[in-house]
Amino acid sequence: METATSRDTHAAPPKHIAIIMDGNGRWAISRGLPRVAGHQRGADAVRATVRACGELGVDFLTLYAFSSENWKRPADEVQDLMSLLRLYLRRELAELATNGVRLRVIGDRAGLDSDIQDLIREAEEATAKNGGLTLTVALNYGGRNEIVAAVQEIAREVSGGLIEANAITASVIEAHLQTDGIPDPDLLIRTSGEHRLSNFLLWQTAYTELVFTPVLWPDFGRKELEESIREYRRRERRYGGSST
Ligand code: IPE
Ligand code: IPE
Ligand code: MG
């Protein structure tokens, strides 16, 4: 106990938290509700988490909202998710702006409906100068697709003579990822008891601390966030070095 306390005071808080928001469907089904009800409550949990991160002084929050694989779901569920996204982008913009939140979207936005692309662009532009929390939302995002796109871009630069193959380093690759300018996540939280990355931030999580909680995403709030941060602060990050 004492060890945990003294480590708590020494470890730096996470600058960047990434969250795989999972369990909306199970939350709804266990209450006899349609899955969309879980997604609606999930949007409330997003609002609470963004506020809490701002208050706790977290610099970067990255949320996995829709994966490149989620198109496999029934068309009506995909439609419900897209409608909620529209609603969120319209309704939350004012609050994000007043709280100094800067919104960024990663993922293949060209695959989204054009009105959603417009809403994203407007929200990014309206919050671009904000200096508070950077909220990155991953939409139609897949970590492998992101790496493939970076490799294609670098290959074009090599064939155009802009860079030599030998000059490709990890930082060159990072600069071609959609998360360019955002530090790697310190802490990744996945809710709902699943223990996998599901194609989220594959490159960026090389040394991220992973925290898994059985809590379903609609039940996640400030208390669960603070618990995850406490767990993170008890960890010792070694990056391949030795601890003694
Ligand atoms: C997360 O909840 C939301 C999205 C993936 C869009 P799920 O809808 O995956 O919920 P479960 O995993 O079926 O409970
Ligand atoms: C991951 O959750 C994607 C999001 C949270 C957006 P999934 O529910 O889609 O993941 P799997 O299918 O259980 O791996
Ligand atoms: Mg799920």
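Scroll up to find the structure.
Section: the packing of aromatic side chains
Under the definition given, this model contains 6 aromatic pairs. Taking the centre distance of 6.0 Å and the plane angle of 85° together, the rings of Y64 and Y141 count as edge-to-face. Remark: Y141 occurs in strand β4 (residues 134–141) and Y64 occurs in strand β2 (residues 60–67); sequence separation between them is 77 residues. Judged by relative accessible area, which is 0%, Y141 ranks as buried. Judged by centre distance (5.0 Å) and plane angle (20°), the ring pair of W217 and F220 falls under stacked. The residues W217 and F220 share a single accessibility class, namely buried. Through a chain of ring-to-ring contacts, the aromatic side chains of Y64, Y141 and F200 assemble into a single cluster.

Examining the pattern of salt bridges
With the rule as written, the count across this model stands at 23 salt bridges. R73 is the salt-bridge partner of E77, the closest N and O atoms lying 2.9 Å from each other. Given a relative accessible area of 9%, E77 falls into the buried group. The exposure class assigned to R73 is partly exposed, which follows from its relative accessible area of 30%. With a closest N to O distance of 3.1 Å, E153 and R156 form a salt bridge. Placement of the pair is E153 and R156 together in helix α6 (residues 143–159), with a separation of 3 residues, close to one helical turn. Residues participating in the shared-partner salt-bridge network are D186, E209, E231, R234, R235 and R237.

Concerning the pairing of strand β6 (residues 209–212)
Because side chains alternate across β6, one face comprises the buried residues E209 and V211, and the other comprises L210 and F212, none of which is buried. Note: strand β5 (residues 187–190) against β6, 4 bridges, orientation parallel. If you follow L188 over to β6, its bridge partner there is L210.

Points about the site of ligand 1
Around ligand 1 sit 13 residues in total, of which D22, G25, R26, R35 and R73 are the nearest. Contact between ligand 1 and N24: an oxygen atom at 3.1 Å from a main-chain N or O atom of the residue. In isolation ligand 1 offers 380 Å² of accessible surface; the protein chains occlude 87% of this area. Given that more than half its atoms are within 2 Å of the pocket grid, ligand 1 belongs to the largest pocket. Listed by contribution, the elements that provide at least two residues to the shell around ligand 1 are α2 (24–29), α3 (35–56) and α4 (75–98). The greatest single-element share of the shell around ligand 1, amounting to 3 residues, is contributed by α2. Within the shell around ligand 1, the residues separate by chemical class into 3 nonpolar, 5 polar and 5 charged.

Details of the side chain of H16
Summarising the element assignment, H16 is placed in strand β1 (residues 16–20). At 2.7 Å, the side chain of H16 and the side chain of T62 are in polar contact. Discounting residues that sit within four places of it in the chain, H16 has contacts with F60, L61, T62, I182, P183, D184, P185, D186 and L187.

What about the layout of surface pockets?
To locate leftover empty space, one rolls a probe as large as a water molecule over the atoms. As a volume, the largest pocket reaches approximately 740 Å³. Together, 33 residues line the largest pocket, and M21, N24, Y64, A65 and F66 are the ones closest to its centre. Here the lining of the largest pocket gets 6 residues from one element, more than from any other, and that element is α4. Split by residue class, the lining of the largest pocket holds 18 nonpolar, 8 polar and 7 charged.

About the thresholds
Residues numbered from 1 in each chain as written. Chains lettered and ligands numbered in written order. Predicted model: local features only at pLDDT ≥ 70, side-chain atom pairs only at ≥ 80, totals over all residues. Heavy atoms only, no water. Phe/Tyr/Trp six-rings, centres within 6.5 Å; stacked < 30°, edge-to-face > 60°. Helix = DSSP H or I, 4+ residues; strand = E, 2+ residues; numbered from the N terminus. Buried < 20%, exposed > 50% of the residue type's maximum accessible area, 1.4 Å probe, protein only. Salt bridge = Lys/Arg side-chain N within 4 Å of Asp/Glu carboxyl O. Pairing = 2+ DSSP bridges. Near = heavy atom within 4 Å. Polar contact = N/O pair within 3.5 Å; in protein donor to acceptor, adjacent residues only side chain to side chain. Areas by Shrake-Rupley, 256 points an atom, 1.4 Å probe, with all protein chains shown as cover. 1 Å grid on protein atoms, 1.4 Å probe; cavity = no way out; pocket = protein on both sides within 12 Å on 5 of 7 lines; lining within 4 Å. Sits in = over half its atoms within 2 Å of the grid points. Nonpolar A, V, L, I, M, F, W, Y, C, P; charged D, E, K, R; others polar. Contact = heavy atoms within 4.5 Å. Points joined across faces, edges and corners; volume = space filled by probe spheres on them.

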